[in-house]
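Understanding the architecture of this molecule
One-letter residues, chain by chain:
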There are 2 protein chains.
Amino acid sequence: MIQRLAIVGVGLLGGSIAKAARARGLARQIVGIGRDETRLAVAVRDGALDRATLDLVDGLRGADLVVLAMPVLVIERLLPAVAAAVGEGTLVTDVGSTKGAIVRSAQALAAARPFHFVGSHPMAGSERAGYGVARADLFEKATVIVTPTEVTSPPAVKDVTNFWEGMGARVSQLDPATHDRVVAAISHLPHLVVFALVAGAHRFEPSAFAFAAQGFRDTTRVGASDPVVWQEIFHDNREALLASVDRFREALQEIERLVQGGDDAALQAWIAQVKRLRETVA
Amino acid sequence: MIQRLAIVGVGLLGGSIAKAARARGLARQIVGIGRDETRLAVAVRDGALDRATLDLVDGLRGADLVVLAMPVLVIERLLPAVAAAVGEGTLVTDVGSTKGAIVRSAQALAAARPFHFVGSHPMAGSERAGYGVARADLFEKATVIVTPTEVTSPPAVKDVTNFWEGMGARVSQLDPATHDRVVAAISHLPHLVVFALVAGAHRFEPSAFAFAAQGFRDTTRVGASDPVVWQEIFHDNREALLASVDRFREALQEIERLVQGGDDAALQAWIAQVKRLRETVA
C-alpha cells in the first residue's frame, strides 16, 4: 500500500493512474500536481485525487511514489526540480514514450544525491488527450515496459513493477536503448508514416476523403494525434526514428518497383511475406 | 423486385450481397456461380442461395440482374463470356475496386452487342476473405460508388442505384478515372504504405512486434489483407497508385527533414495541419 502517491500531470495517463489507483485501493492518499487549477478541480471533485496543487515542491512532499505523467520534454526539464524536492525514500517513475534521454538525466542527477528513479512506459493511450478521457481501466492488460539499467536498485524495479501490475498491466523489462528502438518501430515510425500518408493522399486527390471507409479510418486513426506530444516524441527519439525511416523507405522502394515492374508473382510473394509478419502481431 | 439475381463469385462480397438481398426480400430467386462446389453448397444450405452452379452460362440464364463479385482481373477476364451469355434485358454490375479498365472493357463489348453494364464499387469489406465472413448487413450505411459514363443509359444507373440502396448503402457517382484516383488515395496507397511499414518496422527491430499495442494493430490492420487480391488491385490501378506514391514520398521527405532539422515549431505546425485534415474524415 502506497501511503502517498503524487502524480505530476493529470491528463489522460496521469488521470487514469489516479482513477486506477483509487479504484484498486493502491494508495492511501493521491495528490495531483498540474498547471491548471480548473482542470485539477475536476479530478478532485470526482474523487480521483484527494488533493491538487500547482506547486511541485508542495505536491511532492511526503510522497513515497511519484509518477511523472507529462510529455517527454517536460519530464526532462522538470527532473532536476523533482530530484531536489523528493525525500531519500521516495521512488520516482514516469510514463514517457522515450526512455534513453530521461533515464540518462535521472542517472546524472542520482550521481549527485540519492534519487531513486525507474523509467516506465505504459503502452496505453489514445489519440485523444486530457483528463476528460482518463479511465480507471486504461492499464488493464496493457503492456508497461520498465527500463532499469545496471545502476538501478532491484527493489526499486520490483516496487514499480508491482505498482503497474496492481493496475492490471503486464510488465516487461528492456534497457532504455532497446526500448527506444522498439517504440520507434511500433509507434513512432507508424505515426510519422501515417502523418505523411494523410498529407500525401490529400494532395493527390483532395476530394477523396469524403469517400473514406473503415480501412482508411483505422489506418490513419493516429493521424489525429496531438501535434505537440508527437513533435516532442520525434525530437526525443530522433536517432532511432530516422534510422527506422530508412528501413521503411527501403521497403517502400521495393514494393514500388514490384508494382512498376509488373512481376505479379514477385509482388504477391512480397505482400504474402508482409501478411505473415502482420499475423505475428497479437 | 428482381426476378432472378445471379452472383458470380460467392465470397465475402458476393455472399454478403446474397444474404442482404435475401434478408431484405430484394430478389425472388438468387443463383450463385462459383468454382468450388463444396463452398457454394454452404451458401445453398444456409438459405442465401436458391441454387448454385459451376457453369457460368447456366447460372446467368434468365437473370435480370448479374453481379460480378470476383477480384478485378478475374472480372476483366470473364467479361466477354458474361456479355455473350446474358440476355438483352439483363443488367450487369460488379464490385471491383478499380473501375477504369473494367468499364473500358464493358464499353468495348457493348459496341458489338447489347450489353448493359454499370460499374459499382461497394466501399465495404474486410482484410478477411471468403463466404465464411459474409454478412447480411455488410452494406448498411456503406458507401457504394457507381461509375456511369456518357454512354451508360440513365435507367440502368437508376436500377443499380436502387439495388445498392435496397441493401442499405449510400450511393455516389463518379466517372471511372476520378473513382480510380479516389480509391488510390484512400485505399490503394494506404495498403501499399502499410505493407511497406510492416516490412520496414520489422527489419528495423524484429523484436518490436511482441510489444505492439492498439495503435499499431489499427494502423497495420490492412497489412493482413489477401496478397492475390491486392497484387491484382495494384496491377489494375497502377498508374493512379504510382502517382499517389509520389505525393506520399514528397510528404514523407518533408516531415523527415523537419525531424532532422530540429525546427520544433515548424514540425508541430506540419503535424497540426495533418491533424486538421484527418479530422475532416467522417
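Given the structure is predicted, the values throughout are model-derived calculations rather than measurements. (Residues numbered from 1 in each chain as written. Chains lettered and ligands numbered in written order. Predicted model: local features only at pLDDT ≥ 70, side-chain atom pairs only at ≥ 80, totals over all residues.)

Here we look at the overall build of chain A
Helices and strands together make up the secondary structure of chain A, namely 11 helices and 9 strands. A compact globule built from 282 residues would reach a C-alpha radius of gyration of about 19 Å, and chain A, at 21 Å, matches this within 12%. Structurally, chain A occupies a C-alpha span of about 70 × 40 × 30 Å along its principal axes. Among the 282 residues that make up chain A, the fraction classed as buried is 55%. (Helix = DSSP H or I, 4+ residues; strand = E, 2+ residues; numbered from the N terminus. Rg over C-alpha atoms; globule rule 2.2 N^0.38 Å. Buried ≥ 20, exposed ≤ 12 C-beta atoms within 10 Å, placed from the backbone.)

Here we look at the packing of helix 9 (residues 227-236) of chain A against helix 11 (residues 264-278) of chain B
Interhelical geometry of helix 9 of chain A versus helix 11 of chain B gives an angle of 130° and a closest axis separation of 9 Å. Relative to helix 11 of chain B, helix 9 of chain A is oriented oblique. Two packed elements cross with a definite hand, and for helix 9 of chain A against helix 11 of chain B that hand is right-handed. Here Pro227(A), Val228(A), Trp230(A), Gln231(A), Phe234(A) and His235(A) of helix 9 of chain A lie close against helix 11 of chain B, whose contacting residues are Asp264(B), Leu267(B), Gln268(B), Ile271(B), Ala272(B) and Lys275(B). Partitioning the contact of helix 9 of chain A with helix 11 of chain B into residue classes produces 7 nonpolar, 3 polar and 2 charged. (Axes fitted to C-alpha atoms, helices over the stretch in contact; angles between N-to-C directions. Parallel < 35°, antiparallel > 145°, perpendicular 65-115°, else oblique. Left-handed = near helix turned anticlockwise from the far one by under 90°. Contact = placed C-beta atoms within 7 Å. Nonpolar A, V, L, I, M, F, W, Y, C, P; charged D, E, K, R; others polar.)

Description of the relation of the copies chain A and chain B
Expressed as a screw transformation, the operator carrying chain A onto chain B has a rotation angle of 180° and an axial translation of 0.0 Å, and the superposed copies differ by an RMSD of 0.0 Å. What the rotation and shift describe, once combined, is the action of a two-fold rotation axis. Closest approach to the rotation axis within chain A is made by the C-alpha atom of Thr219(A), at a distance of 2.0 Å. Here 100% of the contact residues of chain A are again contact residues in chain B; the copies associate through an equivalent surface. (Least-squares fit on C-alpha atoms with pLDDT ≥ 70 in both.)

Some words on the sheet that holds strand 2 (residues 27-33) of chain B
Residue and element names in this part refer to chain B. Taken in spatial order, the 6 strands line up as 3-2-1-4-5-6 in an open sheet, and their pairing is parallel. At either margin of the open sheet sits one strand with a lone partner, and together these are strand 3 (51-53) and strand 6 (116-118). Each neighbouring strand pair of the sheet contributes to a mean axis angle of 20°, computed without reference to strand direction. Inspection of the sheet shows strand 2 paired to strand 3 by 3 bridges, in the parallel sense. Pairing of valine 31 across the sheet is with arginine 51, part of strand 3. Against the sheet, helix 2 (residues 37-45) contacts strand 2 and strand 3, and its axis sits at roughly 170° relative to strand 3. (Pairing = 2+ DSSP bridges.)

Description of the confidence of the model for chain A
Close inspection of predicted coordinates is inappropriate in any region flagged by low pLDDT. Predicted confidence across chain A gives a mean pLDDT of 95, with 100% of residues reaching 70 or more. Both confidence scores are given for the complex: pTM 0.83, ipTM 0.84. (pLDDT = per-residue confidence, 0-100.)

Description of helix 1 (residues 12-23) of chain B
Residues and elements named next belong to chain B. Under the 1.5 Å per step criterion, the end-to-end length of helix 1 is 16 Å for 12 residues, consistent within 8% with the ideal 16 Å. Those residues of helix 1 that sit buried are Leu12, Leu13, Gly14, Gly15, Ser16, Ile17, Ala18, Lys19, Ala20 and Ala21. In this fold, the buried residues of helix 1 make contact with strand 1 (2-8), strand 2, helix 2, strand 4 (65-68) and strand 7 (120-122). Following helix 1 by one or two positions, glycine 25 has its phi on the positive side, about 60°. (Expected span 1.5 Å × (residues − 1).)

Overview of helix 7 (residues 176-204) of chain B
Residues and elements named next belong to chain B. Between its first and last C-alpha, helix 7 extends 39 Å over 29 residues, near the 42 Å set by a 1.5 Å rise per residue. A bend of about 50° at alanine 184 is the largest found in helix 7. Of all 29 residues in helix 7, 26 are buried, a share of seventy percent or more. (Bend = angle between axes of the 7 residues up to and from the residue.)

Considerations on the interface of chain A and chain B
Every contact between the two is made by 77 residues of chain A and, on the other side, 77 residues of chain B. Listing elements by their share of the side of chain A that touches chain B, those giving two or more residues are strand 8 (143-146), helix 7 (176-204), helix 8 (214-219), helix 9, helix 10 (238-261) and helix 11 (264-278) of chain A. Of the residues contributing to the side of chain A that touches chain B, the split by class is 47 nonpolar, 16 polar and 14 charged.

Overview of the nonpolar core
Among the nonpolar cores identified, the biggest contains 202 residues, and Ile7(A), Val66(A), Ile7(B) and Val66(B) are the most heavily contacted of them. With near-sequence residues (within four places) excluded, Val66(B) lies in contact with Ala6(B), Val8(B), Leu60(B), Val82(B), Val86(B), Thr90(B) and Val92(B). (Core = buried A, V, L, I, M, F, W, Y, C linked by C-beta atoms within 7 Å.)

Remarks on the domain arrangement of chain A
All names here are of chain A. Assigned domains of chain A: these are domain 1 (2-174) and domain 2 (178-278). Taking only C-alpha atoms, the centre of domain 1 and the centre of domain 2 are 31 Å apart. Contacts between domain 1 and domain 2 engage 14 residues on the former and 18 residues on the latter. Listed by contribution, the elements that provide at least two residues to the side of domain 1 that touches domain 2 are helix 4 (72-85) and helix 5 (100-110). Among the residues making up the side of domain 1 that touches domain 2, the classes are represented as 7 nonpolar, 5 polar and 2 charged. (Domains from an automatic or database assignment.)

Some thoughts on the packing of helix 4 of chain A against helix 5 of chain A
Residues and elements named next belong to chain A. Axis separation between helix 4 and helix 5 bottoms out at 10 Å; the angle between their running directions is 10°. For the element pair helix 4 / helix 5, the angle class is roughly parallel. Each of Val72, Ile75, Glu76, Leu79, Pro80 and Ala83 in helix 4 lies in contact with helix 5, whose residues at this interface are Ala101, Ile102, Ser105, Ala106 and Leu109.

Regarding unusual backbone geometry
Residues and elements named next belong to chain A. At lysine 141, a position not held by glycine, the phi torsion is positive, near 65°. Along the chain, the position of lysine 141 falls in the loop between strand 7 (120-122) and strand 8. Judged by the 9 C-beta atoms lying within 10 Å of it, lysine 141 falls in the exposed class.

With respect to the sheet that holds strand 8 of chain A
All names here are of chain A. Read across the open sheet, the 3 strands follow the order 7-8-9; overall the sheet is mixed. Edge strands, defined here as strands with exactly one partner in the open sheet, are strand 7 and strand 9 (170-173). Within this sheet the neighbouring strands show an average axis-to-axis angle of 20°, counted without direction. Pairing of strand 8 with strand 9, which is carried by 4 bridges, proceeds in the parallel orientation. Looking at the pairing, isoleucine 145 lines up with serine 172 of strand 9. Packing against the sheet, helix 6 (residues 154-166) makes contact with strand 7, strand 8 and strand 9, and its axis sits at approximately 170° to strand 8.

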